[in-house]
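One letter stands for each residue in the lines below.
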Number of protein chains: 2
Amino acid sequence: MRAKTSYSDLVIIGAGPAGLMAASWASRLQLNARILDDKADRIQNGRADGLHVRTMEILDSFGMATPIEKASQQIREICSWNPHPEDENRIQRTQRFLPKEEDFGRYCQVAIHQGFIEQNFLDFLEKDGPLSVERNIKTESLEFDKADMSADNDYPITLRISHKRSGRSEEAQGADLELPETEFIKTKYLLGTDGGHSWTRQQLGLEMGDGKTRRHFGVIDIIPITDFPDVRTSCAIHSTNTGSLMTIPREGRLVRFYVQLGETGSSGDELDTEKITPRTIADKASEILSPYKLDYDFCDWWSVYTIGQRFASQFDLNERIFLAGDAVHTHSPTMGAGMNVSVQDTYNLVWKIGQVVKGIAQPRVLSTYNAEREAVAEKLMDMDHKMSEFYAAGPGKDARNYNKFRGQFQRFLSGVSVEYGPNILVPDTHERNPSTPESQNGSDKAARAQLFSKQSVSRKIIVGQRLPSHLVINQAEASIVHVHSILRSDGRWRLLVLAGDISKPAQMSRLESLCEYLANPSSFVYAYTPNNAKNDAVIEILMIHAAPREKVELLDLPEILHPFDPKLGYDYWKCFSNNDQGVEGEFSDAYEEWGVNKDKGCIAVLRPDQHVSYLGDLEDIKDMEHYFSQVLQPQKKRN
Amino acid sequence: MRAKTSYSDLVIIGAGPAGLMAASWASRLQLNARILDDKADRIQNGRADGLHVRTMEILDSFGMATPIEKASQQIREICSWNPHPEDENRIQRTQRFLPKEEDFGRYCQVAIHQGFIEQNFLDFLEKDGPLSVERNIKTESLEFDKADMSADNDYPITLRISHKRSGRSEEAQGADLELPETEFIKTKYLLGTDGGHSWTRQQLGLEMGDGKTRRHFGVIDIIPITDFPDVRTSCAIHSTNTGSLMTIPREGRLVRFYVQLGETGSSGDELDTEKITPRTIADKASEILSPYKLDYDFCDWWSVYTIGQRFASQFDLNERIFLAGDAVHTHSPTMGAGMNVSVQDTYNLVWKIGQVVKGIAQPRVLSTYNAEREAVAEKLMDMDHKMSEFYAAGPGKDARNYNKFRGQFQRFLSGVSVEYGPNILVPDTHERNPSTPESQNGSDKAARAQLFSKQSVSRKIIVGQRLPSHLVINQAEASIVHVHSILRSDGRWRLLVLAGDISKPAQMSRLESLCEYLANPSSFVYAYTPNNAKNDAVIEILMIHAAPREKVELLDLPEILHPFDPKLGYDYWKCFSNNDQGVEGEFSDAYEEWGVNKDKGCIAVLRPDQHVSYLGDLEDIKDMEHYFSQVLQPQKKRN
């Protein structure tokens, strides 16, 4: 037995969507990281298949959304079916509605098998850098030792793993080939994204409550042969006596059916899940669909699951070992929410780990992960519980107005309503604490002691939520781009200066004052930027004005808005105009959509995950200074 | 010397964009085809860089547009600069306008280097099938023998080539490795897309007129370091004494400059093009840009070219050997038109060759290539000539209103105005021949003798032009798709039934009558479909109605609109609704955009290249029958 020891900043255990999202951040931030998985390959088909708006936005921030958008199925319509009032053996369509999830963001809800999504992540990792999934890895032990946390030797976590050699022919050395090889990995941080039966969670001794019910559902991904008219829309179907089912149209010709199996609602019921086959699931579905018939020739994937919500009480240990995704929250799959929340868990976490490892952010920001994501998981559990009851209850009031019932979850499902804070990363707002006096210029002593955002400067940019994206026009190019496309997930903070109508001299003068401060070598922009990095490497300044574009000359603006590089010339990709000129009718005015005053504008500090951490006026420099002083790490400067 | 003989349906000589488009069709149509190139690799950078709307639509019909759209530079604004009236040594911006090419189709004009576009084609070919570019091929002789045109042995063309072995190690056989290998390829059809110095054209003895002038331009692709404010828009610039230049912003930070070199307009001028370097081109540009300065650190590509238009008198020999792209039309590159017209040449041609080879279409359709594309090339020459004069003329009336001057070419440049016919593939319209009596039901004897389209049924679907694409809603799924996305380049003809408001019984009855005829085994749909093929393999029926979508049940419509397959169930992807319901405000109503009556509808026959070949009413079955009888080949049927 040979054992070697290696060192990492971050080890990710489990290469499902949550782990792969974590790895994508680690790759983008160029961390010394590893991602391990116990299986030989990715998921091939089936499993999680729903992607909601916010997840698509996040994938797009890494350049990963387009292939999914092209290959997946749009979910634009939902139909509800219930027993016919005059014949309980027949179902009839009782409602048909457009959930319009696309109104919450740039994407429509879509469905595609999990393997496609995982492959997309794997393609990204391969293109982006050296990080790739290590497969066939067995995790053997995990130790955490606080004594190993010092400035010199900050590797408190020791993970023992074993793995077979890769078997590539140039490495084959006789009998060694099949010997398991033990390795000790000493790491600063560890993330368990290893699913509902998480080995990592078990090592931490964390319990998931036993929320399992006795209700079993069958799932089949088939090409349906049917006369049921709504098979290509998403349906919620209740029959009188034969149970409930739900459908999701999928990529290609596939449709997913979630089918309630047997009379599982009553206590004492024992369903032998061993005897279930895809054929029995389809036959059950065909019964529920009566008078319509369902058959299939091709089944792509199938499974049986038990309804229940389980939820870990804690998402981290000492802000060093973290858990995410199914490892801390499992539930039923019918709303297509699970993969989304899981991916969003690690999207929330790993930029923080990365910035702490690189000495950009203060370690205290890591405390926000548990707070921010546990609240989301709780809402998820609540929604899933209500949804399970809805299917178990059979036809009734909620089933008759499914649009209304489902409506209560719509915004949460879309992912765009997730609101973080108040916490160290998201200061409270005056509006939430109206008793606190608002200070116009941030110099008031009481306000300094506790920092407040001014939610009043915008109606639709909500402190703690992700910035909604709208189309804007590049000042130099007239190219039309989504705001999110200039907020790529590259680890940078952004000062988004909504400069207002700078064709008016007074407003231009406000912008110039702001830029004068920001351009000063003593400003916070430079204070947190390492010596060897570009000035916009940690905090990037972006500007969107509301003046007629042709009245603004980019090169007449303060240079910090179009920095000069001796080899590359000016940067033409930081200044934009809202759209109320020139390209009339093509799309809406971003300022109006955001509910921001076009004369005055405002300023938003955006976290690297596009969430709004601070909102204020163009003069609120001291507040921003205060904000960053609590979050980022001052960098040593050359004299 | 070893010589082998092989057989092909089509040989393409030259793997630039025109040749690669030809190969894409050949691959999609599964032709026994080859594509040969004399160079070792694709273009790496520079060269053609402009892509207009129609080219993007065509690329998208093969699934190739998205990567280009993502990576390329949008060209949305054009600026015109002219001498300052009070100081002839300074230029000033005199005009700024949005050409709005995107209003003509789904895409904005974009710019990216030719290598990226070629790679996109190569990726498509690799994914699509076995056809790949054979490189390092020397073409040695070409013979055409009419005697070899018989039903049994239809290989009138003999091409002799030599090539080195590929050098892959498993094929290496000692000294053989480097020996040139001669091969005789006997082929039914041959296409020369081998550029301005076309070897193929020379073999045919075809002349290109000598249209060269003495005017020379330099081209550089650089990352500009400049204080010129409009460097990220496309500019037309005239100085008083130092010449003209034009710019195109490009992908990444690149900008292309076309720079008039020296006083080349006067006769007797001799510019030594050997002495030109990228630095001299940039310096010249800097002079023209005065008072602004231009410098660069990085130059990606550069070249020198001579203004002139050259044009072959004939694009084919015996409808067996064809020429396309630069092989038959060369001109100056300033409008970014050349690659577009070249790609459109072979997009026009190769589906015709494919259908003739496969016995689907009658050989006579091949006569339309020369007619359809020569007319386009003539317009291209005319535009280029005017544009060259514009730059040569210096500041003047046209330069002062560049928007107006350029406007005359805008629609042609976009590619969407290209109108084919009247010819065998595009019958004349009553409107063009008002003296001919219009027959309501197509049974009138005079009308039968010569077939006419009814242009009157639509204002914006123009006979001979490509069908404009608008968003529609899938009847079964409520998914929102562009009409072009259901008109993929797969070689199929389409009957696009714009069925009107079928919630009204009288209109539904018209649709039912049409479908009853079409579904009859004696209908033309089946007459031209081979025995072993699916019913929609040659002519696909697509339907877009204008009724409220919720008033239509797909499965209640005639089955030919949602054909049943015993293994795959119904086809849910042939029926759509226009959008004036449900998704209000998101996009416009396709019927209104097309100028089609929503009550009555109409029917359009679309060629495999999305061009409209026939327009009529839902009753004009005999006309369509007549149309196809002149174009397609009846298939032998089993009894």
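Residues numbered from 1 in each chain as written. Chains lettered and ligands numbered in written order. Predicted model: local features only at pLDDT ≥ 70, side-chain atom pairs only at ≥ 80, totals over all residues. Heavy atoms only, no water.

Per an unreviewed UniProt entry, chain A goes by Phenol 2-monooxygenase and derives from Rhizodiscina lignyota. UniProt, in the comment section headed Sequence similarities (unreviewed entry), describes chain A in these words: "Belongs to the PheA/TfdB FAD monooxygenase family." (UniProt positions renumbered as here; feature names shortened; annotations may be inferred.)

Caption draft 1: How the structure looks around the overall build of chain A. Secondary structure assignment for chain A yields 15 helices and 31 strands. The C-alpha radius of gyration computed for chain A amounts to 27 Å, which stays within 12% of the reference 26 Å derived for 639 residues, consistent with globular compactness. For chain A, the share of sequence-separated contacts (at least 6 apart) that also reach a separation of at least 24 residues comes to 74%. Surface accessibility of chain A: about 24600 Å² in total, with carbon and sulfur atoms responsible for 47%. With 74 positive and 91 negative side-chain charges, chain A shows a spacing of 1 Å between the two charge centroids. (Helix = DSSP H or I, 4+ residues; strand = E, 2+ residues; numbered from the N terminus. Rg over C-alpha atoms; globule rule 2.2 N^0.38 Å. Contact = heavy atoms within 4.5 Å. Areas by Shrake-Rupley, 256 points an atom, 1.4 Å probe, with all protein chains shown as cover. Lys, Arg positive; Asp, Glu negative; His and termini not counted. Charge placed at Lys NZ, Arg CZ, Asp CG, Glu CD.)

Caption draft 2: Up close: unusual backbone geometry. The residue after A:Ser290, namely A:Pro291, is reached through a cis peptide bond having omega 15°. By the element assignment, A:Pro291 lies in the loop between helix 6 (278-288) and strand 16 (294-308). Residue A:Pro422 is reached from A:Gly421 by a cis peptide bond, and omega for that bond is 0°. Tracing the chain through its elements places A:Pro422 in the loop between helix 10 (402-414) and strand 21 (428-429). Of note, the phi angle at A:Ala478 is positive, near 65°, even though the residue is not glycine. Secondary-structure assignment places A:Ala478 in the loop between strand 23 (471-474) and strand 24 (480-482). Residue class for A:Ala478 comes out buried when judged on its relative accessible area of 4%. Positive phi values are uncommon outside glycine, yet B:Asn136 reaches one of about 60°. Within the secondary structure, B:Asn136 sits in the loop between strand 8 (133-134) and strand 9 (137-144). (Buried < 20%, exposed > 50% of the residue type's maximum accessible area, 1.4 Å probe, protein only.)

Caption draft 3: Focus on the sheet that holds strand 3 (residues 50-51) of chain B. Residues and elements named next belong to chain B. The strand order 3-7-4 describes an open sheet built from three strands, whose pairing is antiparallel. With partners counted over all chains shown, the strands left at the sheet margins are strand 3 and strand 4 (73-74), one partner each. Judged from the two bridges that link them, strand 4 and strand 7 (residues 110-111) form a sheet pairing that is antiparallel. Across the sheet, Gln 74 pairs through a bridge with Val 110, a residue of strand 7. (Pairing = 2+ DSSP bridges.)

Caption draft 4: Seen up close, the relation of the copies chain B and chain A. Taken as rigid bodies, chain B and chain A are interconverted by a rotation of 180° and an axial shift of 0.0 Å, the fit giving an RMSD of 0.0 Å. With respect to symmetry, the two chain copies, as superposed, fit the operation of a two-fold axis. For chain B, the residue whose C-alpha comes nearest the rotation axis is B:Thr66, separated from it by 4.1 Å. Of the residues that chain B buries at the interface, 100% are likewise interface residues in chain A, meaning the two copies contact each other through the same surface. (Least-squares fit on C-alpha atoms with pLDDT ≥ 70 in both.)

Caption draft 5: Seen up close, the pattern of salt bridges. With the rule as written, the count across this model stands at 98 salt bridges over all chains. Of the charged contacts, one joins B:Asp60 and B:Arg106 as a salt bridge, the two residues approaching to 3.0 Å between their closest N and O atoms. Linking B:Asp60 in helix 2 (residues 53-61) with B:Arg106 in the loop between strand 6 (87-97) and strand 7, this pair joins segments that are 46 residues apart in sequence. A residue is classified by how much of its surface remains accessible, and B:Asp60, at 6% relative accessible area, is buried. B:Glu389 is paired through a salt bridge with B:Arg215; the nearest N and O atoms lie 3.2 Å apart. Taken together, the residues span a long stretch of sequence, with B:Glu389 in helix 8 (residues 367-393) and B:Arg215 in strand 12 (residues 212-226) at a distance of 174 residues. B:Glu389 gets classed as partly exposed once you look at its relative accessible area, which sits at 33%. Judged by its relative accessible area of 14%, B:Arg215 falls in the buried class. One salt-bridge network, held together by shared partners, links A:Asp490, A:Arg492, A:Arg494, A:Asp536, A:Glu540, A:Asp571 and A:Lys574. (Salt bridge = Lys/Arg side-chain N within 4 Å of Asp/Glu carboxyl O.)

Caption draft 6: Main features of the side chain of B:Glu77. One can find B:Glu77 in the loop between strand 4 and strand 5 (78-84). Judged by relative accessible area, B:Glu77 falls into the buried class, the value being 4%. Excluding residues that lie within four positions of it along the chain, B:Glu77 makes contacts with A:Glu477, A:Ala478, A:Arg549, B:Arg96, B:Phe97, B:Leu98, B:Pro99, B:Thr233 and B:Ser234.

Caption draft 7: Seen up close, the domain arrangement of chain A. Residue and element names in this part refer to chain A. The domain boundaries assigned to chain A delineate domain 1 (3-209 + 310-414) and domain 2 (428-631). Here the C-alpha centroids of domain 1 and domain 2 sit 32 Å apart. Between domain 1 and domain 2, a total of about 1800 Å² is buried, with carbon and sulfur atoms accounting for 45% of that surface. If you sort the residues of domain 1 by the area they bury against domain 2, Arg 106, Trp 351 and Ile 360 come out on top, with a joint share of 29%. Linking domain 1 to domain 2 there are two salt bridges. Of the charged contacts, one joins Arg 466 and Glu 57 as a salt bridge, the two residues approaching to 2.7 Å between their closest N and O atoms. Taken together, domain 1 and domain 2 are joined by 15 residue pairs in polar contact (both at pLDDT 80 or more). (Domains from an automatic or database assignment. Buried area = accessible area lost by both parts, 1.4 Å probe. Polar contact = N/O pair within 3.5 Å; in protein donor to acceptor, adjacent residues only side chain to side chain.)

Caption draft 8: Molecular detail of the packing of aromatic side chains. Within the structure shown, the criterion is met by 56 aromatic pairs over all chains. Between the aromatic rings of A:Phe322 and A:Tyr369, the centroid separation amounts to 5.7 Å while the plane-to-plane angle is 80°, which identifies the pairing as edge-to-face. Of the two residues, A:Phe322 sits in strand 19 (residues 321-323) while A:Tyr369 sits in helix 8 (residues 367-393), which places them 47 residues apart along the sequence. Residue classification places A:Phe322 among the buried positions, given a relative accessible area of 0%. Above the face of the B:Tyr155 ring, B:Lys188 is positioned so that its terminal group lies 4.3 Å from the ring centre. (Phe/Tyr/Trp six-rings, centres within 6.5 Å; stacked < 30°, edge-to-face > 60°. Lys NZ or Arg CZ within 6 Å of the ring centre and 35° of its normal.)

Caption draft 9: Fine view of the sheet that holds strand 3 (residues 50-51) of chain A. All names here are of chain A. Spatial ordering of the open sheet is given by 3-7-4, a layout of three strands whose pairing is antiparallel. The open sheet has two edge strands, strand 3 and strand 4 (73-74), and neither has a second partner. In terms of strand pairing, strand 3 meets strand 7 (residues 110-111) through two bridges, oriented antiparallel. Along strand 7, the bridge assignment pairs Gly 50 with Ala 111.

Caption draft 10: View of the side chain of A:Gln73. Secondary-structure assignment places A:Gln73 in strand 4. The class of A:Gln73 is buried, set by a relative accessible area of 7%. Polar contacts involving the side chain of A:Gln73 include one to the side chain of B:Glu477, which spans 3.1 Å.

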